[in-house]
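One-letter residues, chain by chain:
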Amino acid sequence: VQLQASGGGLVQPGGSLRLSCAPSGGIFGLNTLDWYRQGSGKERELVASITPGGRMTYSRSVKGRFTISRDNAKNTLYLQMDSLEPDDTAVYYCHFYSSYSLQHYWGQGTQVTVSS
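Residues numbered from 1 in each chain as written. Predicted model: local features only at pLDDT ≥ 70, side-chain atom pairs only at ≥ 80, totals over all residues. Heavy atoms only, no water.

Caption draft 1: Structural view of the overall build of the protein. In terms of regular secondary structure, the protein is built from 0 helices and 11 strands. When the helices and strands of the protein are placed in sequence order, the string is β-β-β-β-β-β-β-β-β-β-β. At 13 Å, the protein has a C-alpha radius of gyration in line with the 13 Å of a compact globule built from 116 residues. Dimensions of the protein, computed from C-alpha atoms along their principal axes, come out at roughly 45 × 25 × 25 Å. The buried share among the 116 residues of the protein stands at 42%. If you take every contact in the protein between residues at least 6 apart in sequence, the share linking residues at least 24 apart comes to 51%. Across the protein, 10 positive and 8 negative side-chain charges occur, with their mean positions spaced 5 Å apart. (Helix = DSSP H or I, 4+ residues; strand = E, 2+ residues; numbered from the N terminus. Rg over C-alpha atoms; globule rule 2.2 N^0.38 Å. Buried < 20%, exposed > 50% of the residue type's maximum accessible area, 1.4 Å probe, protein only. Contact = heavy atoms within 4.5 Å. Lys, Arg positive; Asp, Glu negative; His and termini not counted. Charge placed at Lys NZ, Arg CZ, Asp CG, Glu CD.)

Caption draft 2: Seen up close, the environment of Ser83. Structurally, Ser83 is set in the loop between β8 (76-81) and β9 (90-97). On the basis of relative accessible area, Ser83 is assigned to the partly exposed category, the value being 41%. Dropping the residues within four chain positions of it, Ser83 is found in contact with Gly14, Gly15, Ser16, Arg65 and Asp88.

Caption draft 3: Representation of the packing of aromatic side chains. Tallied over the entire structure, the rule returns 4 aromatic pairs. Here the aromatic rings of Phe28 and Phe96 are separated by 5.5 Å at their centres, their planes lie at 90°, and the arrangement is edge-to-face. Here Phe28 is found in the loop between β3 (17-24) and β4 (33-38), whereas its partner Phe96 is found in strand β9, with 68 residues between them in sequence. Residue class for Phe28 comes out buried when judged on its relative accessible area of 3%. (Phe/Tyr/Trp six-rings, centres within 6.5 Å; stacked < 30°, edge-to-face > 60°.)

Caption draft 4: Geometry of the sheet that holds strand β7 (residues 66-71). Strand order in this open sheet of 4 strands is β1-β3-β8-β7, and the pairing throughout is antiparallel. Looking at the sheet topology across the chains shown, the edges are occupied by β1 (2-6) and β7. If you compare each strand with its neighbour and ignore which way they point, the axes differ by 15° on average. Here β1 runs beside β3; their pairing, made up of 5 bridges, is antiparallel. (Pairing = 2+ DSSP bridges. Axes fitted to C-alpha atoms, helices over the stretch in contact; angles between N-to-C directions.)

Caption draft 5: Just the nonpolar core, in detail. If you look at the biggest cluster of nonpolar residues, it comprises 26 residues, and the most contacted ones within it are Trp35, Phe66, Leu77, Leu79, Met81 and Tyr92. Those elements giving two or more residues to this core turn out to be β1, β3, β4, β5 (45-50), β7, β8, β9 and β11 (110-114). Broken down by element, this core gets its largest block of residues, 4 residues, from β9. Setting aside its immediate chain neighbours within four residues, Met81 contacts Gly15, Ser16, Leu17, Leu19, Arg65, Phe66, Tyr92 and Val112. (Core = buried A, V, L, I, M, F, W, Y, C linked by side-chain atoms within 4.5 Å.)

Printed below as a string of C-alpha cells:
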C-alpha cells in the first residue's frame, strides 16, 4: 500500500488549505488514520487522528483551526486547515498503522508553507 498525499502549497497567514490522502494498492480499512507534520529542524509531530467511527483528536497547536475527516466510500483522508499561521509551515504526512499487517504506512509528504 502506498499513500498519496496532495494539496500542499504556499498560502498567506490566515489562509486555508485542504490536504488529501488516498492509498494505492490497498484500502484504509478499519484503521485509525493520522496526519503528522515535520517542520525544518523539528521532530515529526502528530497533528490529528480519526478513528474508523469518526472520533477525532487534535494537537493543542491546531485544535480549533484544523479539521480531520475521512470518506470511507472514497477511501480518502482529508485535513482542512484554516487560519494558517507561519508556525504551521512543515511537510505534512498521512499515516496509518494496519492492525491486519502490523505495519506502519506513510505518505510521501506534502509541503505546506505559510508566508506573506
